[in-house]
Amino acid sequence: MSPSVSRRLGSIVQQAILIFASLAALFPLWFMLWTALRTRDDYFRSPLGWPQSIHWENFVTAFEQNIGRWVLNSAIVTGGSVLLVTVISVPAAYAFVRLPFRGSDLLLKLFVFLMVIPPIVMLLPLFALMTALGRVNHFDAVILAYAGLMFPFSVFMMVRYIEAIPHELYEAAFVEGATHLRILWSIVVPLVGPALVTLAIVNALWAWNELLIAVVMLQREESRTLQAGLALLKGKNTMDIPLVMAGATISAIPLLLLYLFGQRVFMRGLLAGAIKE
């Protein structure tokens, strides 16, 4: 077999694998959307079949089940927690890089350890604390909990990006009389902008999809986040799978739009710290 034939055959095999992987990844989305557009009887007649007709009533019913309120609640909780953790993690990461202190390396390693602790371990202490403070069923309780859980990963990630900034930039800024705060705002933040967008998207994906803390902290139906509301919706409509899939489709749309609009910056942020000179 000639080298050109081998390369062509290898390319065909590679493309076939990529096409299969793409179809496998897209199939759950297709199933979710097509199921949401079917009636319950049509679904139970043939769960994997093609819908006999398109029905949008499931989406209308989903919004009648208070799902619009849950979407707003999720947006508030996700936006608040992502904004809070970004505002506090960037200065913290800068301090680790440019203002090291005794024990800073140990503290950073502790952050890595905290990253592997599952959130369920923190659930009971968080609930007891928020109960004592009287903040259960308030958004600030969930926002603080999410920000605290996302903080170790955010600091660790931003430290790696800030370390990649050439030291000559800091030295030139100090010569010009810039303070650390001015350097952070005028030099570091613009240079790590793609990384900040990447961090915000990753944290937003986690906060939007988080269920356990939201269920425990937000117990009133009108204060539930979307994922907690969908769990409640599924419990009420166990046999109405198309309605549940309509709610899941609505849940996926904001994340899909977030990724599509931030895809270019997201990929640039992922690659920015991949190679450190």
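So, here's what we can say about the structure.

Cut-offs applied
- Residues numbered from 1 in each chain as written.
- Predicted model: local features only at pLDDT ≥ 70, side-chain atom pairs only at ≥ 80, totals over all residues.
- Heavy atoms only, no water.
- Patch = residues over 30% accessible without salt bridge, like charges linked within 9 Å, V, L, I, M, F, W, Y side chains within 5 Å.
- Areas by Shrake-Rupley, 256 points an atom, 1.4 Å probe, with all protein chains shown as cover.
- Salt bridge = Lys/Arg side-chain N within 4 Å of Asp/Glu carboxyl O.
- Helix = DSSP H or I, 4+ residues; strand = E, 2+ residues; numbered from the N terminus.
- Buried < 20%, exposed > 50% of the residue type's maximum accessible area, 1.4 Å probe, protein only.
- Contact = heavy atoms within 4.5 Å.
- Axes fitted to C-alpha atoms, helices over the stretch in contact; angles between N-to-C directions.
- Parallel < 35°, antiparallel > 145°, perpendicular 65-115°, else oblique.
- Nonpolar A, V, L, I, M, F, W, Y, C, P; charged D, E, K, R; others polar.
- Expected span 1.5 Å × (residues − 1).
- Phe/Tyr/Trp six-rings, centres within 6.5 Å; stacked < 30°, edge-to-face > 60°.
- Lys NZ or Arg CZ within 6 Å of the ring centre and 35° of its normal.

Let us now look at a nonpolar patch on the surface. Together, Leu110, Val112, Phe113, Leu114, Met115 and Val116 line one region of the surface with nonpolar side chains, adding up to about 510 Å² of accessible area. Turning to its location among the elements, Phe113 is positioned in helix α4 (residues 104–115).

Attention shifts here to the environment of Pro91. Mapping Pro91 onto the fold places it in helix α3 (residues 57–98). Relative accessible area serves as the criterion here: at 35%, Pro91 is assigned to the partly exposed category. What Pro91 contacts, discounting residues up to four positions off in sequence, is Thr86 and Leu184.

What follows deals with the environment of Arg7. On the secondary structure map, Arg7 appears in helix α1 (residues 3–36). Owing to a relative accessible area of 59%, Arg7 belongs among the exposed residues under this scheme. Taking the C-alpha atoms as reference points, Arg7 and Met130, separated by 123 residues in sequence, lie 61 Å from one another.

Moving on, we get to the packing of α3 against helix α8 (residues 180–191). Two packed helices can be described by the angle between their axes and the distance between those axes. Packing of α3 against α8 leaves a shortest axis separation of 11 Å and a crossing angle of 110°. By the criterion of interaxial angle, the relationship of α3 to α8 is roughly perpendicular. The segment α3 lies against α8, with Val90, Pro91 and Tyr94 engaging His180, Ile183, Leu184, Val188 and Val189. For the contact of α3 with α8, the per-class residue count stands at seven nonpolar, one polar and no charged.

Turning our attention to helix α9 (residues 193–209). When the terminal C-alpha atoms of α9 are compared, their 24 Å separation across 17 residues agrees well with the 24 Å that a helix rising 1.5 Å per residue should span. Taken residue by residue, α9 has Pro194, Ala195, Leu196, Thr198, Leu199, Ile201, Asn203, Ala204, Ala207 and Trp208 as its buried positions.

Moving on to the packing of aromatic side chains. Here the structure, examined in full by the defined rule, presents nine aromatic pairs. Between Tyr43 and Phe44, the aromatic rings sit 5.4 Å apart at their centres with planes inclined by 75°, giving edge-to-face as the arrangement. Judged by relative accessible area, Phe44 falls into the partly exposed class, the value being 43%. Here a set of aromatic residues connected by ring pairs shows up, and it is made of Phe96, Phe101, Phe111 and Phe151. Positioned over the ring face of Tyr170 is Arg98, at 4.1 Å from the centre of the ring.

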